[in-house]
Amino acid sequence: MKELVLKARRVPNVPAEALVVSPNFIAGKSVEEICAAEVWEGNRRIALREVFDVEGETAKVAEEQAVKVIGEAGKVRKLGYQMSSGLITVDGNAGMYLGEEMKGGTITVNGNAGSWVGTKMGGGTIEVKGNAGDFVGSSYRGSRLGMKNGLIVIHGNAGNEVGCWMRGGTIRVKGNSGQFPGMHMSDGTIFVEGDCGGRAGAQMTGGRVIVVGRLLTVLSSFSFEELRGSVKVGEDKVGGPFYLFTGDVCENGVGRLFVGVNRNPHLEWYKRFIETPGDGLCRLV
Amino acid sequence: MRCLAETFSNVVCTVCGCCCDNIEVTVEGRKVVKVKNGCAISMSKFMNYGEERIPTPLIRRKGELAEASYEEALREAASILKKAKYPLLYGWSLTSCEAIEVGVELTEAVGGVMDNTTTTCHGPTVLGEHDIGVSTCTLGEVRHRADLVVYWGCNPLHAHPNHMKRYTVLSKGRFRASRKDRKLVVVDVRRTDTAKVADFFLQVSTNEDYELLSALRVAVRGDEIEQDSVAGVPAEKIEELAEIMINCEFGILFFGLGLTMTPGKSRNIDLALSLVRDLNSKTKFLIMPMRGHFNVTGVNHVSAWETGYPYAVDLSRGYPRYNPGDTTAIDILLRGECDAALVAASDPVASFPAKACRHLAEIPLITIDPHYSATTLVSDVVFPSALTGIETCGTVYRMDGVVLESKKIVEPLGGVRSDVEILKDMLKLIRG
Amino acid sequence: MREELIVRNGFVFDPLNGIDGEKMDVFIKDGKIVDKVGSKASVVESSGMIVMPGGVDIHSHIAGSKVNSGRVLRPEDHEKDYEVKTQITRSGVGHSIPSTYTAGYRYARMGYTTVFEPAVPPLKARHTHEELDATPIVDKACFPLLGNNWLVMEYLRDGKIEECAAYVAWVMNATKGYAVKIVDPGGVEAWGWGQHLRRLDDRVPHFEITPREIVRGLCKVNRLLRMPHTIHVHTNNLGFPGNYETTIETMDCVRDLASGDRPTIHITHVQFTGFAGTSWLNLGSGAPEISNYVNKHSHVTIDLGQIAFGDTTTMTADGPFQYLLHKLSGNKWINADVEAETGAGVVPFHYKKSNYVNAVQWGIGLELALLTKNPWQVCLTTDHPNGAPFTEYPRVISWLMSSKARARVLAKINKNARRRLHLPGIDREYTFNEIAVVTRAGTAKALNLKEKGHLGVGADADIAVFNLNPKEVDPSKNYRAVRKALKKSAYTIKDGRIISRNGEIVESSMGKTYWVNAKTSEDLMESVTSQLREKFEDYYTVQMENYIIGESFLKAPSRIEVSSEV
């Protein structure tokens, strides 16, 4: 792998967008071409070199290209836009729209990421060591085309509407998530290891939302099915037990919501719906 | 010498989204002496239109706002906007469509973001509509046909005082002659004055409207609510409301900030829109947001036909881009990402979060307003302007999208210019 | 005095004046076609190119309440299709519901210079005019919706044709409208209660009138008022298998009201009401039956409503149909009923080649065009954006001109649909002359726009020059060249000024808004106006005075005076 290092020179005080920070764009170009590449800073077009000091080398093809971003890039948006291979590492925070329309390759952020991580993602891996904002793995406004494939891991907390209109792939939040994980999702897996701010799986039609930690209430549009000992996420077998609900019934949904039993004693009352094996009848336990 | 009184009829009120257009205003010289058919808020606006007016343009010099000439203020404003890398042009809801059109042109010329007060009230409604759509109508349909009127998270007796009288349960419709032909339902976190006159009131626990809407959808479908109560409301009562809704002939759901600005926000609206959509498979049911400012609906429309988007339009790259949460005024201000601002026909400092206001006060700020306001007090350049619907005419859009032409009934006080004039002059100067 | 121009040496197609590809010059002075100019005239060199009058689109949803609701509904429609501002042009967005500036520029780039917005709720007409006034370059007009209007229905129910005529004239003036539009007559009023009306002789609840009576009544009214255009009708039952019968029934229900050779009814987007079959599973084409009728009856004109495969947005005043489309497709849905008048609905839609129904629909529109013999009875539309965005017109034209182009698509569509259609067996190919008829000469004639759609002396100097040599290019074989040339005119001239060159807008301008000032006798108008004054507050939630749009509201009104028989 050949590595190109971009060191942030200054923090833009207005939105800056660097679509060029993507192995697909960088590979096959000279360092000088990269330095001169166009970056938007507010309503001005400037050269990349005004925002980043550029060192290192470019590869011939994207899959051999590594890009390291150092310094305060928290205001720079759209890093990794449409990338299909290669590597991006951000030593610090990353701005909004990280990995938008990504199809492959890997992005690692050692700090926090803004909102809209992995929007419309079609493949690849995004790993954020810190926190992420709202709308991880979502679609664009008005569109139903959310994340289709790939893996997003947020080590810290994620905001609201994780996996909004998600169609496939996996999102793992190791910390807590905000409200509405899985909003309108039709397929894929959202796995929240911490607490959830509420309304998990809202309006989903398919896919799985798994919440290990606390979830204050389950929506009435979710129907309790049974207790499950564990649930599989990728290669991992995550131990429960879990309450398993299906829903969102108002969307004729066949999504599945797993809520951890141990951290949610207030949901004990659902156990009254557990069927006694053998008689096929639902009765109060 | 006594001035002769003149009475103007069919005047369009420019307070709230009701845009009542049967107002009669009697003017003596420059004073409004009588207002007929207006609600208390309307009367107050017309009769006190001359209060707290800014007499001349102002420029902040050495920390203090000082009088300046119009030309000086224009030069200063143009200079601020031309230098800016990401100016925010905000407000727009209390002026005419003609002014807003110039506002769009100005924003495009300076490469900024144009946002309006939708961002603080019914932005969530717009976002909900992007996903679901909306089943709605004009207010006359409600007056003629509705036998069920639901107000959810809004208090029309206070905020839209003529609403019930002109358009809903107290109005006279072709097929519903009087109050007894309609059922009034109110859903709110407290027993508001509107709730007190309702036939059926549901008190929802604060911040749990989403849960209640979800349970209501379940009941409307005929499925069972597994919980005993949801959002503080017993399941039976939710089912009762579902029955009322299913069994009406024509129902309408009006909603306000109780839904748009409580946790859930756009998803509260998404769900309300979905509920109404579901109801259409059982009966005729419609929904309408209670728009606050008299022309916020107008800004949405002008913005949408000119740029494709109803608010939060980023024109910094020379073409329209849109993503609320990113390109919305408060978010931009909270992130400290705009380096100049122009506020027209609005008072954001009175209602924005403190951190956003601080940033607004720190950056060069131009304000166009008829009155002194919290925003003018932290501005760097202030233009006094004429009041739309009183001192200058212009097109406005009612909450249901019906368009009216507001009238000019007095000459502008102190010869202040209209928003249209000021913005056009600013644009001309910027274009050089 | 404005510039003098010579459009020199092009192959001119001007069907209204019998010119069929003749090499000739066209002279322009002061924005009009003249028979000669001075020696200082500028030259637009058009050798080896086709010269036609500017396109006239008779039916395209570009301005007004439901169009704008559609824009708001679909930010995802605009996200990737945008236009950056230039020194001359404003920025904007597409794709299927373009913002107003973009709509004007895109039409102009294709050589279109006149566009009519076909469906305006009178109560919201002001909104339409605001948007039309923000649509650059093209001349325009709008049609107020009257087929579900309470006052119209009451007058017709009571047999008061003359009062109805006066009322319609009043509405035309109040809304600054051009023609009488009828959408799903009676059906949208029923939809006000959530009900559906399917047959021409069903009774409208509470109004005791039938769709047939509404259509006939308004047809008589239209004739009494001597309106330039016929009634413009979107029939009942749109979107239902078997609805071609309703279309023929509707055409036929005013046959006895025809006089001479002049049309009495225009049925719009006939593709959507040209379905044979009894269900979606056996949907077929009713085009042969409809074309057969049109071929035998000169009182009818139609426009196609052709679909193109891809993503678009449906939007009509047919509230009940839009709801059903939402239920069928599961897509998001806007409904907007308008008091005492009409309704509207918007639903995004994606036409797929592999989808049986969509593929049949594609075939129906083309069959209608190819089986109807007289091109003067046919107008080319996609019912923008219902069938496809208007930017697809070059593609549609290539399908009409080339059976090879059609065959290529036929090979890719759902094969059951292919078997069901008659299209594979149709060889006819439109000539350039016929294309000129269905896109400008014929449409202008149907609208009775005397100064449009032709290049005779006195016509407005609205001209499209296409970089396509009709002597060298065989449109049947080289349909791609046709598409390419029509997408971006070599020149579009509007009012004698070059505003587009090779697809680039070089000058912007503001077109006129036509409206028809229909006048009845003073006594009749007085009587009807005072009846209206009494009823207005009962029917509407706005004051009568505020409902009326003054001519000064429009930026560039162009009034057409007609005086009626009453």
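Residues numbered from 1 in each chain as written. Chains lettered and ligands numbered in written order. Predicted model: local features only at pLDDT ≥ 70, side-chain atom pairs only at ≥ 80, totals over all residues.

Draft legend 1. Looking closely at the sheet that holds strand E11 (residues 200-203) of chain B. Residue and element names in this part refer to chain B. Judged by pairing direction, the sheet is parallel, and its five strands sit side by side in the order E11-E10-E9-E14-E15 without closing on themselves. Each edge of the open sheet is held by one strand with a lone partner, namely E11 and strand E15 (284-289). Averaged over all neighbouring strand pairs, the angle between strand axes comes to 15 degrees, with direction disregarded. Of the strands in this sheet, strand E14 (250-255) and E15 are in contact with helix H12 (residues 266-279), which crosses E15 at around 160 degrees. (Pairing = 2+ DSSP bridges. Helix = DSSP H or I, 4+ residues; strand = E, 2+ residues; numbered from the N terminus. Axes fitted to C-alpha atoms, helices over the stretch in contact; angles between N-to-C directions. Contact = placed C-beta atoms within 7 Å.)

Draft legend 2. View of the interface of chain A and chain B. On the chain B side, the residues contacting the 27 residues of chain A number 29 residues. Sorting the residues of the side of chain A that touches chain B by element identifies strand E3 (38-41) and strand E17 (222-233) of chain A as the ones contributing at least two each.

Draft legend 3. Seen up close, the interface of chain B and chain C. Taken together, the 50 residues of chain B in the interface contact 43 residues of chain C. When residues of the side of chain B that touches chain C are traced back to their parent elements, those giving at least two are helix H3 (97-110), helix H4 (123-132), strand E8 (133-137), helix H5 (139-145), helix H13 (296-307) and strand E22 (403-406) of chain B. Taken together, the residues of the side of chain B that touches chain C break down into 20 nonpolar, 18 polar and twelve charged. Sheet topology places E8 of chain B next to strand E18 (residues 333-337) of chain C; five bridges connect them, and they run parallel. Its bridge partner lying in E18 of chain C, Thr136 of chain B is registered against Ala336 of chain C. (Nonpolar A, V, L, I, M, F, W, Y, C, P; charged D, E, K, R; others polar.)

Draft legend 4. Just the sheet that holds strand E4 (residues 44-47) of chain A, in detail. Residue and element names in this part refer to chain A. Read from one edge to the other, the open sheet built from four strands follows the order E4-E3-E2-E7, with strand pairing classed as mixed. The open sheet has two free edges, formed respectively by E4 and strand E7 (76-77), since each of these has just one partner strand. Sheet topology note: the E3/E4 ladder contains four bridges and is antiparallel. Looking at E4, one finds that Glu41 is bridged to Arg44.

Draft legend 5. Region of interest: the confidence of the model for chain B. For chain B, the mean per-residue pLDDT works out to 97, and 99% of the residues sit at or above 70. Two numbers describe this predicted complex: its pTM, 0.97, and its ipTM, 0.97. (pLDDT = per-residue confidence, 0-100.)

Draft legend 6. Highlighting unusual backbone geometry. With an omega dihedral of 5 degrees, the bond running from Gly240 of chain A to Pro241 of chain A counts as a cis peptide bond. With respect to the element layout, Pro241 of chain A can be found in strand E18 (residues 236-247). The linkage connecting Gly247 of chain A with the following residue, Asp248 of chain A, adopts the cis geometry, with an omega of 0 degrees. Within the fold, Asp248 of chain A resides in the loop between E18 and strand E19 (255-260). Look at Arg199 of chain A: it is not a glycine, yet its phi comes out positive at around 60 degrees. Inspection of the secondary structure puts Arg199 of chain A in the loop between strand E15 (196-198) and strand E16 (208-211). Using a count of 27 C-beta atoms within 10 Å as the deciding quantity, one classes Arg199 of chain A as buried. Here Asp495 of chain C, not a glycine, exhibits a phi torsion of approximately 50 degrees, which is positive. Considering the arrangement of structural elements, one finds Asp495 of chain C in the loop between strand E22 (491-494) and strand E23 (497-501). Given 20 C-beta atoms within 10 Å, Asp495 of chain C falls into the buried group. (Buried ≥ 20, exposed ≤ 12 C-beta atoms within 10 Å, placed from the backbone.)

Draft legend 7. Geometry of the packing of helix H9 (residues 209-221) of chain B against H12 of chain B. Residue and element names in this part refer to chain B. Between H9 and H12, the shortest axis-to-axis distance is 9 Å and the interhelical angle comes to 15 degrees. With respect to H12, the element H9 is oriented roughly parallel. Between H9 and H12 the crossing geometry is left-handed. Note on element contacts: H12 touches H9 through Arg267, Asn268, Leu271, Ala272, Ser274, Leu275, Asp278 and Leu279, opposite Asp209, Tyr210, Leu213, Ser214, Leu216, Arg217, Val220 and Arg221. Considering only residue class, the contact of H9 with H12 consists of eight nonpolar, three polar and five charged. (Parallel < 35°, antiparallel > 145°, perpendicular 65-115°, else oblique. Left-handed = near helix turned anticlockwise from the far one by under 90°.)

Draft legend 8. Inspection of the pairing of E19 of chain A at higher detail. Residue and element names in this part refer to chain A. Summarising burial for E19: six of the six residues are buried, a large majority. The side-chain alternation of E19 yields two buried faces, one formed by Gly255, Leu257 and Val259 and the other by Arg256, Phe258 and Gly260. Examined bridge by bridge, E16 and E19 share four bridges and lie parallel to one another. Across the sheet, residue Val211 finds its bridge partner in E19, namely Val259. By the bridge criterion, six bridges tie E18 to E19 in an arrangement that is antiparallel. Note that in E19 the partner of Gly247 across the bridge is Gly255.

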